[in-house]
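Fold and geometry: a report
Spelled out from the first residue to the last, the chains are:
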Amino acid sequence: MKRVVVGLSGGVDSSVTAHLLKEQGYEVIGLFMKNWHDDSVTISNECPWLEDSNDAMIVAEKLGIPFQAVDLSAQYKERIVDYMFAEYEKGRTPNPDVLCNREIKFDVFMDIALKLGADYVATGHYCRKAEEIIDDKPVYKLLAGKDNNKDQSYFLCQLSQQQLAKALFPIGELTKPEVREIAKEADLITAEKKDSQGLCFIGKVRLPEFLQQKLQPKKGDIVTIPSDFSDYITELPSFASKEEELKHLATKFTYNKTDGKVVGTHQGAHYFTKGQRKGLNVGGTKEALYVIETDVNTNIIFTGEGKQHPGLYRNVLFVANEEIHWIREDLTLKFGETMQVEARIRYRQVLEQATLYKVDSGLYVEFENKQSAIQEGQFVAWYKNEELLGSGVIS
């Protein structure tokens, strides 16, 4: 009998995951990961992880499976929290959920599971896994979940073949309503429980307050750039090569304070990210202001009026060599090669047509349509026919 360790989070998805695996005849063990100790930054008095670990325990009891909680907060602080602070400080926007899967659930947690003699680790992610024999060896594929509204393959875009080999995603074939229905029928306490918001495992945290612990507030100007800013309207120069053109299009606009007008002040450029609208507190404009660029060196936030502001849009992005990750190592592009894909730059974004270009220093992703708020530090993931082939950190 194969042994599976399920990451029980105290939510409905992981509860049903454990239930289904048990029905399929696996020997199931439930583990709850505690990744956070510091209650000073959670918003309310409710202590989410206590409640969640309690729910996880009740589900395990109901299913008659062994259960224990593991404390991974030291690794979580080092690998996720410290990385987040460092990225925000540089004016980049990290994605802790993607990192949490790569560094915690499918690394530290997986090691614990394997030490418990597990054959597999299972999570309540909405995605699917497939396997194909290519050149006499098994190649694992990460596929989008069946529920379009809930597909979470993006969060697993940094997994490796070794990690996928040991992973199971039992609810990937189901929709959220079906999962809730199964939980109800199995009489699981989590059947009606609301989906958790907030950082993976930290619970309800307000990001600016969270960041303020490490990154000191620092007053700076909010500058609005007009939509007819000179750099937006310059004609494209002619390029000697495709690579030159891509490089030009992937380069972000640079702004100076004198390019626009000062419309307000803020408490620190490193608390803001591109495309953000909330928290600017500037009135008197026809349309809402959006952050189009932040400069952590001069501590200025550059904004533009309205969702269609040209400063928000680009159609090419770059990923440096050391940040390129192929789940399908067998499909890795070599210098000079291109690939037609569909790609997204954030979770929940509809997949967009794009072309990958491998150059000496990295990889260009050229989208057919301009994308709003391409943000350094975030992950771009590329797909073909529902399969996530690879990903990279936007530079």
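Quick notes on the rules
- Residues numbered from 1 in each chain as written.
- Predicted model: local features only at pLDDT ≥ 70, side-chain atom pairs only at ≥ 80, totals over all residues.
- Heavy atoms only, no water.
- Helix = DSSP H or I, 4+ residues; strand = E, 2+ residues; numbered from the N terminus.
- Rg over C-alpha atoms; globule rule 2.2 N^0.38 Å.
- Buried < 20%, exposed > 50% of the residue type's maximum accessible area, 1.4 Å probe, protein only.
- Bend = angle between axes of the 7 residues up to and from the residue.
- Polar contact = N/O pair within 3.5 Å; in protein donor to acceptor, adjacent residues only side chain to side chain.
- Core = buried A, V, L, I, M, F, W, Y, C linked by side-chain atoms within 4.5 Å.
- Contact = heavy atoms within 4.5 Å.
- Expected span 1.5 Å × (residues − 1).
- Pairing = 2+ DSSP bridges.
- Axes fitted to C-alpha atoms, helices over the stretch in contact; angles between N-to-C directions.
- 1 Å grid on protein atoms, 1.4 Å probe; cavity = no way out; pocket = protein on both sides within 12 Å on 5 of 7 lines; lining within 4 Å.
- Points joined across faces, edges and corners; volume = space filled by probe spheres on them.
- Nonpolar A, V, L, I, M, F, W, Y, C, P; charged D, E, K, R; others polar.
- Phe/Tyr/Trp six-rings, centres within 6.5 Å; stacked < 30°, edge-to-face > 60°.

Some remarks on the overall build of the protein chain
On a plain count of helices and strands, the protein chain comes out with 9 helices and 18 strands. Over its C-alpha atoms the protein chain spans a radius of gyration of 23 Å, differing by no more than 12% from the 21 Å that the globule rule assigns to 395 residues. In terms of its C-alpha atoms, the protein chain occupies a principal-axis envelope of roughly 65 × 55 × 35 Å. Expressed as a percentage of the 395 residues in the protein chain, the buried residues total 53%.

What to know about helix H4 (residues 96-115)
Of all the bends in H4, the greatest, near 35°, is centred on Phe-109. Between the side-chain oxygen at the start of H4 and the backbone nitrogen of Asp-97 there is a gap of 3.1 Å, and the oxygen is on Asn-95. Of the residues trailing H4, Gly-117 is marked for its positive phi of about 80°.

Some words on the nonpolar core
The biggest cluster of nonpolar side chains holds 54 residues, and the ones touching the most others in it are Phe-109, Leu-142 and Phe-169. Elements with a minimum of two residues in this core: strand E2 (27-34), helix H3 (73-89), H4, strand E6 (137-144), helix H7 (207-212), strand E10 (289-295), strand E17 (379-384) and strand E18 (387-393). Ignoring any residue separated from it by four or fewer positions in sequence, one finds Phe-109 in contact with Val-5, Val-6, Gly-7, Leu-31, Met-33, Val-70, Leu-72, Ile-104 and Val-121.

Some details on helix H1 (residues 12-23)
A rise of 1.5 Å per residue sets the reference length of H1, with its 12 residues, at 16 Å; its end C-alpha atoms lie 16 Å apart and thus fit the reference within 8%. Counting buried residues along H1, 10 of its 12 residues qualify, which places the element largely inside the surrounding structure. Of the residues making up H1, those classed as buried are Val-12, Asp-13, Ser-14, Ser-15, Val-16, Thr-17, Ala-18, His-19, Leu-20 and Leu-21. The positive-phi residue at the C-terminal boundary of H1 is Gly-25, with phi of around 90°.

Focus on the side chain of Arg-314
Counting through the fold element by element, Arg-314 comes out in strand E12 (residues 313-320). Among the polar contacts listed, one links the side chain of Arg-314 to the backbone oxygen of Ala-250, at a separation of 3.5 Å. Ignoring anything within four residues of it in the chain, the contact list for Arg-314 reads Leu-249, Ala-250, Thr-251, Lys-252, Lys-274, Lys-370, Gln-371 and Ile-374.

A look at the sheet that holds strand E11 (residues 300-305)
Strand order in the open sheet formed by 4 strands is E9-E8-E11-E10, with mixed pairing between adjacent strands. Looking at strand neighbours, the two that pair on one side only are strand E9 (261-266) and E10, the edges of this open sheet. Sheet twist, expressed as the average angle between the axes of neighbouring strands with direction ignored, equals 30°. With 3 bridges connecting them, strand E8 (residues 220-224) and E11 associate as parallel partners. Following the sheet pairing, Thr-224 is matched in E11 by Thr-303.

A closer look at empty space enclosed by the protein
On inspection of all chains with the given rule, the structure shows 1 cavity of 30 Å³ or more. In this model, the largest cavity occupies a volume close to 70 Å³. Lining of the largest cavity is provided by Lys-252, Phe-253, Tyr-255, Lys-274, Ile-292, Glu-293, Gly-311, Leu-312, Tyr-313, Arg-314 and Ile-374. Breaking the lining of the largest cavity down by element, the ones donating at least two residues are E10 and E12. Here the residues of the lining of the largest cavity sort into 6 nonpolar, 1 polar and 4 charged.

A word on the layout of surface pockets
By volume, the second largest pocket amounts to about 440 Å³. Every residue lining the second largest pocket is counted, 16 residues in all, and those nearest its centre are Asp-231, Leu-236, His-248, Leu-249 and Phe-253. Elements supplying a minimum of two residues to the lining of the second largest pocket: helix H8 (230-233), helix H9 (242-250) and E12. At 3 residues, E12 tops the list of elements feeding residues into the lining of the second largest pocket. Looking at the lining of the second largest pocket residue by residue, the class counts come to 6 nonpolar, 5 polar and 5 charged.

Remarks on the packing of aromatic side chains
What the rule picks out here adds up to 12 aromatic pairs. Ring centres 4.8 Å apart and planes at 45° place the aromatic pair Phe-318 and Tyr-364 in the tilted group. Linking Phe-318 in strand E12 with Tyr-364 in strand E16 (residues 362-372), this pair joins segments that are 46 residues apart in sequence. Summarising the aromatic geometry, the rings of Trp-326 and Trp-382 are spaced 5.4 Å apart at their centres and angled 65° between planes, so their arrangement reads as edge-to-face. Here Trp-326 is found in strand E13 (residues 324-326), whereas its partner Trp-382 is found in strand E17, with 56 residues between them in sequence. Taken together, Phe-229, Tyr-232, Phe-253, Tyr-255 and Phe-302 form an aromatic cluster joined through their ring pairs.

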